[in-house]
Amino acid sequence: MQPYVPNSLPLSELDYKRLLPLVARANAALARYDGLLQGIPNAEVMLSPLTTQEAVLSSRIEGTQATVDEVLEQEAGLIKEGAKFQDIQEISNYRVALLRAREHLRAYPIRLGFVRELHRILMDSVRGQDKTPGEFRKDQNWIGAYGCTLEHAIFVPPDPLQLEGHLAAWEQYLDFDDIDFLLQTAVVHAQFELLHPFKDGNGRIGRILIPLFMFQKKVISQPMFYLSGYLEGHRPEYYERLRGISEHGDWNGWIAFFLQAVTGQANQNGQRVMQIQALYEAMKQEIHRVTHSQFTVHLLDALFRTPVFETTRLIRETGIHKPTAMGLMRQLKEAGLLKELRPGAGRRPAVLSFPRLINIAEGREVL
């Protein structure tokens, strides 16, 4: 099989009669979601669980097996070894990359050097760390069944000797204003996946770039639109549509799928945001009713930022005097708002969780 030769960007001869109605629906759904985001005064705190969920689902597409609960528990020190720990470390790296990217985009646009830095973070101390993290590939790679040869591959990315030029063209396209920015986002993501510039981790980097590019183009007010839930739920079609580009040049089929994904995910994300916002307001009242404390909002923000935590971490993050903080946590536990996952013993702190928020992040019924 010959290496894939990517299309020049911007694309020509798209079926706009087919695509523009989908563009309109996707933009309307995304605008409704972004309106909800803009109504939240501390979105990064309140929606922190959705960032964790995105990291879980994007990594799951690549084969990792872990839940939001397990990621949070590992970060609180409950899971320390084994294959599960390795999966969770990959997910944690993904979340660190997302958070680092948000900070970067406040002052700088997406550039290839920034993409390499995200990859370096993603591959730190996990499987694939031996595959030149942060460096574009200099060898020919391919995709296919485990152990297959180049001849039996289902996809062969561009020749590494041509990769630098293709990446430069992709970077230049980021600054171009196409006919619609959501349509352009679909092209940006797919072209990156087809260039397959790294030896490992291309899918996850490509999905991180979706909300970042939308934010850069001011389609959304914050880089917090996460699409991996839809893509993970439609994984066979996701891969089939990308393969349709490389095998048949079917960009229209891919873009239509992507726009439908944006519409579906925007509606679902909007519902999730409203659930989280409602929980935040309800818990503000509930915590104050239980504790009568002046530190209600300090506690609440700490619980939303880190729904599974060691007691020492909450004390450190809130700045509440230790005896007072321990008394408040005891009251919340007795009221059923917090759950103890590990009791304190000697100098080892207890680990507590905030189940109602985790249930929303996992898509479970709120208890």
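Each remark here, short or long, concerns the structure printed above.
What you are looking at is a predicted structure, and each value in this text was computed from that prediction instead of being measured.

Asks: Kindly report on the overall build of the protein, identifying the contributing residues and their values.
Replies: Within the protein, the regular secondary structure consists of 16 helices and three strands. Taking the principal axes of its C-alpha atoms as reference, the protein extends roughly 65 × 45 × 35 Å. Put simply, the protein has 367 residues, and 53% of those count as buried. Long-range pairs, those at least 24 residues apart, make up 67% of the contacts in the protein with a sequence separation of at least 6. For the protein, the accessible area works out to roughly 16700 Å², and carbon and sulfur atoms hold 50% of it. When the 41 positive and 43 negative side-chain charges of the protein are each reduced to one mean point, those points stand 6 Å apart.

Asks: Help me get a handle on the environment of L212, residues and values and all.
Replies: Turning to its location among the elements, L212 is positioned in helix α9 (residues 202–216). Taking relative accessible area as the criterion, L212 reaches 0% and is therefore assigned buried. When sequence neighbours within four positions are dropped, the list of residues in contact with L212 reads A101, L105, I110, F114, L118 and P223.

Asks: Can you break down the packing of aromatic side chains residue by residue, with the values?
Replies: Inspection of every chain in the model, using the stated rule, returns 13 aromatic pairs. Ring geometry for F192 versus F198: centroids 6.5 Å apart, planes at 55 degrees, classification tilted. Classification of F192 by relative accessible area gives buried; the value is 1%.

Asks: Explain the sheet that holds strand β2 (residues 339–342) residue by residue, including any values.
Replies: Taking strand neighbours across the sheet as the criterion, the three strands line up as β1-β3-β2 in an open arrangement whose pairing is antiparallel. Of all the strands in the sheet, just β1 (308–310) and β2 have a single pairing partner and so form its edges. The mean angle between the axes of side-by-side strands here comes to 30 degrees, regardless of whether they run parallel or antiparallel. Contacts from helix α14 (residues 311–318) reach β1 and β3 (351–353) within the one sheet, and its direction differs from that of β1 by about 90 degrees.

Asks: Describe the environment of A261, naming the residues involved and giving the relevant values.
Replies: Mapped onto the elements, A261 comes out in helix α12 (residues 251–291). Spatially, the C-alpha atom of A261 lies 9.3 Å from that of G229, the residues being 32 residues apart in sequence. The contact partners of A261, leaving out residues within four places of it in the chain, are L227 and Y230.

Asks: Lay out the packing of α12 against helix α13 (residues 296–305) with the relevant residues and their values.
Replies: Where α12 contacts α13, the axes come no closer than 9 Å and their chain directions differ by 135 degrees. Overall, the two elements α12 and α13 adopt an arrangement that is oblique. In the packing of α12 onto α13, the handedness of the crossing is right-handed. Residues I276, L279, Y280, M283, K284, I287, H288 and T291 of α12 form the contact with α13, whose own contacting residues are T296, V297, L299, L300, D301, L303 and F304. Its residues assigned to classes, the contact of α12 with α13 comprises ten nonpolar, three polar and two charged.

Asks: Outline the side chain of K217, supporting the account with residue identities and numerical values.
Replies: With respect to the helices and strands, K217 occurs in the loop between α9 and α10 (228–233). Taking the relative accessible area as the measure of exposure, K217 reaches 10% and is therefore buried. Residues in contact with K217, not counting those within four places in the same chain, are L174, D175, F176, D177, F181 and Q184.

Asks: Please provide a residue-by-residue account of helix α11 (residues 235–248), values included.
Replies: Under the 1.5 Å per step criterion, the end-to-end length of α11 is 19 Å for 14 residues, consistent within 8% with the ideal 20 Å. Those residues of α11 that fall on the buried side of the exposure criterion are Y238, L242, G244, I245 and S246. Residues of α11 that are buried in the fold lie against α3 (48–61), α8 (181–195), α9, α10 and α12. With its phi angle positive at about 65 degrees, G249 sits one or two positions after the end of α11.

What counts, and where the lines are drawn
Residues numbered from 1 in each chain as written. Predicted model: local features only at pLDDT ≥ 70, side-chain atom pairs only at ≥ 80, totals over all residues. Heavy atoms only, no water. Helix = DSSP H or I, 4+ residues; strand = E, 2+ residues; numbered from the N terminus. Buried < 20%, exposed > 50% of the residue type's maximum accessible area, 1.4 Å probe, protein only. Contact = heavy atoms within 4.5 Å. Areas by Shrake-Rupley, 256 points an atom, 1.4 Å probe, with all protein chains shown as cover. Lys, Arg positive; Asp, Glu negative; His and termini not counted. Charge placed at Lys NZ, Arg CZ, Asp CG, Glu CD. Phe/Tyr/Trp six-rings, centres within 6.5 Å; stacked < 30°, edge-to-face > 60°. Pairing = 2+ DSSP bridges. Axes fitted to C-alpha atoms, helices over the stretch in contact; angles between N-to-C directions. Parallel < 35°, antiparallel > 145°, perpendicular 65-115°, else oblique. Left-handed = near helix turned anticlockwise from the far one by under 90°. Nonpolar A, V, L, I, M, F, W, Y, C, P; charged D, E, K, R; others polar. Expected span 1.5 Å × (residues − 1).

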